[in-house]
Amino acid sequence: MRHLFISDLHLDPGRPHHIQALRDFCACKLQPEGRLYILGDLFEAWLGDDMGLVAYADVISLLKQQTEQGIELFIQHGNRDFLLGKAFAEATGATFIAEEEVIEINHTRVLLMHGDSLCTDDIDYQAFKQQVRSKSWQQDFLALPAAERLQIAQHFRQQSGLMTANKHADIMDVNTSAVAEVMQKHQVSTLIHGHTHRPMVHQDQGQTRIVLGDWQGHFDYLDWAENDTWHFLRQPI
Ligand code: MN
């Protein structure tokens, strides 16, 4: 069975050509009974299923078409769309996977992550994450009217932009000890993640870490074929 991996599409209603690129990708690359894994940040912002299902109706129907054709769709939460919920899954036929999900492809155990939890040097971000991932924060946020949620999201984006501008680039990359630790914890020698927008295949001492890129001008995807060969490919948008 073919497995395809993408992440960090950051789809936004204001950038319809990205949505078209996903449509083209689905049409060209997906085969019935194949599996598509989206490892987080499918959407630039997801402020609750009630708002998102309307704002992204075309993406929802595209994903639903895929699952109806027999493609298995797995979605991981990213730092932009961590509020993707049950109504999204029901509308698309997607299955959520955990923040640290181990899958087996033929006989290889592969760890899948969005990747933000590996950026342990970014203390501000990790503190922010802890706050917004708590159940009570999410319940309170989702109970707010749409206009207020938009305001809060905009405020967070501004703050994060200001903080990012003053941070050394290394701080926003993964911490190599955090990578080694999580791979050891799950007993894997292959890790696939996104988030850092630094597409690359890192191979070191029998360990492989494949970093998927974002969708800016082009995107990178991992195509793991039936015969156990995999290819890291680039496609223009
Ligand atoms: Mn991310």
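**Considering the overall build of the protein chain**
Phase 1 of the analysis: Looking only at helices and strands, the protein chain features 8 helices and 11 strands.
Phase 2 of the analysis: Taking 18 Å as the expected radius of gyration for a compact globule of 237 residues, we find that the protein chain reaches 17 Å, a close match to that expectation.
Phase 3 of the analysis: Its C-alpha atoms put the protein chain at 50 × 40 × 30 Å along the principal axes.
Phase 4 of the analysis: Burial statistics for the protein chain: of 237 residues in total, 47% are counted as buried.

**Quick look at the coordination of the manganese ion**
Phase 1 of the analysis: Those protein atoms acting as donors to the manganese ion are Asp-41 (OD), Asn-79 (OD1), His-114 (NE2) and His-195 (ND1), and they sit at 2.1 to 2.3 Å.
Phase 2 of the analysis: Donor residues binding the manganese ion come from one chain and are separated in sequence as D-x37-N-x34-H-x80-H. Taken together, the residues span a long stretch of sequence, with Asp-41 in the loop between β2 (35-38) and α2 (49-55) and His-195 in the loop between β7 (190-193) and β8 (200-204) at a distance of 154 residues. With respect to class, Asp-41 is no different from His-195; both count as buried.

**Quick word on helix α8 (residues 176-185)**
Phase 1 of the analysis: When α8 is considered as a whole, its buried residues turn out to be Ala-178, Val-179, Val-182 and Met-183. Each buried residue of α8 sits inside an arc of 125° when the element is viewed along its axis, so together they form one side. Exposed residues pointing more than 90 degrees away from the buried face of α8 are listed as Thr-176, Glu-181, Gln-184 and Lys-185.
Phase 2 of the analysis: Elements that come into contact with the buried residues of α8 comprise β6 (108-113), β7 and β9 (207-211).
Phase 3 of the analysis: Sitting at the amino-terminal end of α8 is Asn-175, which places a side-chain oxygen 2.8 Å from the backbone nitrogen of Ser-177.

**A look at the side chain of Asp-8**
Phase 1 of the analysis: Along the chain, Asp-8 turns up in the loop between β1 (3-6) and α1 (16-29).
Phase 2 of the analysis: Buried charge Asp-8 goes without a salt bridge, the closest partner of opposite sign being Arg-80 at 7.8 Å.
Phase 3 of the analysis: Of the polar contacts made by the side chain of Asp-8, one reaches the side chain of Ser-7; its length is 2.6 Å.
Phase 4 of the analysis: From its side chain, Asp-8 meets the backbone nitrogen of His-195 in a polar contact 2.7 Å long.
Phase 5 of the analysis: Once you skip the residues sitting within four places of it in the chain, Asp-8 turns out to touch Gly-40, Asp-41, His-114, Gly-194, His-195, His-197, Gly-213, Asp-214 and Trp-215.

**As for the side chain of Thr-92**
Phase 1 of the analysis: Tracing the chain through its elements places Thr-92 in helix α4 (residues 86-92).
Phase 2 of the analysis: Overall, Thr-92 belongs to the buried group, its relative accessible area being 1%.
Phase 3 of the analysis: With sequence-adjacent residues up to four places away left out, Thr-92 is seen in contact with Ile-60, Leu-63, Lys-64 and Thr-67.

**Considerations on unusual backbone geometry**
Note on backbone geometry: most residues besides glycine have negative phi, and most peptide bonds are trans.
Phase 1 of the analysis: Positive phi is not limited to glycine here, since Asp-8 has a value of about 55°.
Phase 2 of the analysis: Backbone geometry at Asp-228 places phi at a positive 75°, although glycine is not the residue there.
Phase 3 of the analysis: Under the relative-accessibility criterion, Asp-228 is labelled partly exposed at 32%.

**As for the pairing of β2**
Phase 1 of the analysis: Here β1 pairs with β2 via 4 bridges, running parallel. Considered in β2, the bridge of Ile-6 is made with Ile-38.
Phase 2 of the analysis: Where the polypeptide runs from β1 across α1 and back to β2, its parallel neighbour, the crossover connection is right-handed.

**Some thoughts on the sheet that holds β8**
Phase 1 of the analysis: Taken in spatial order, the 5 strands line up as β5-β6-β7-β9-β8 in an open sheet, and their pairing is mixed. Lying at the two open borders of the sheet, with one neighbouring strand each, are β5 (101-105) and β8. The average undirected angle you get between the axes of adjacent strands in this sheet is 20°.
Phase 2 of the analysis: Across 5 bridges, β8 lies against β9 in antiparallel orientation. What sits directly across from His-202, in β9, is Arg-209.

About the thresholds
Residues numbered from 1 in each chain as written. Predicted model: local features only at pLDDT ≥ 70, side-chain atom pairs only at ≥ 80, totals over all residues. Heavy atoms only, no water. Helix = DSSP H or I, 4+ residues; strand = E, 2+ residues; numbered from the N terminus. Rg over C-alpha atoms; globule rule 2.2 N^0.38 Å. Buried < 20%, exposed > 50% of the residue type's maximum accessible area, 1.4 Å probe, protein only. Donors = N, O, S within 2.8 Å, 3.2 Å for Na, K, Ca; no water. Arc of directions from axis to C-beta. Contact = heavy atoms within 4.5 Å. Polar contact = N/O pair within 3.5 Å; in protein donor to acceptor, adjacent residues only side chain to side chain. Lys, Arg positive; Asp, Glu negative; His and termini not counted. Salt bridge = Lys/Arg side-chain N within 4 Å of Asp/Glu carboxyl O. Pairing = 2+ DSSP bridges. Right-handed = clockwise from strand over helix to strand, strands pointing away. Axes fitted to C-alpha atoms, helices over the stretch in contact; angles between N-to-C directions.

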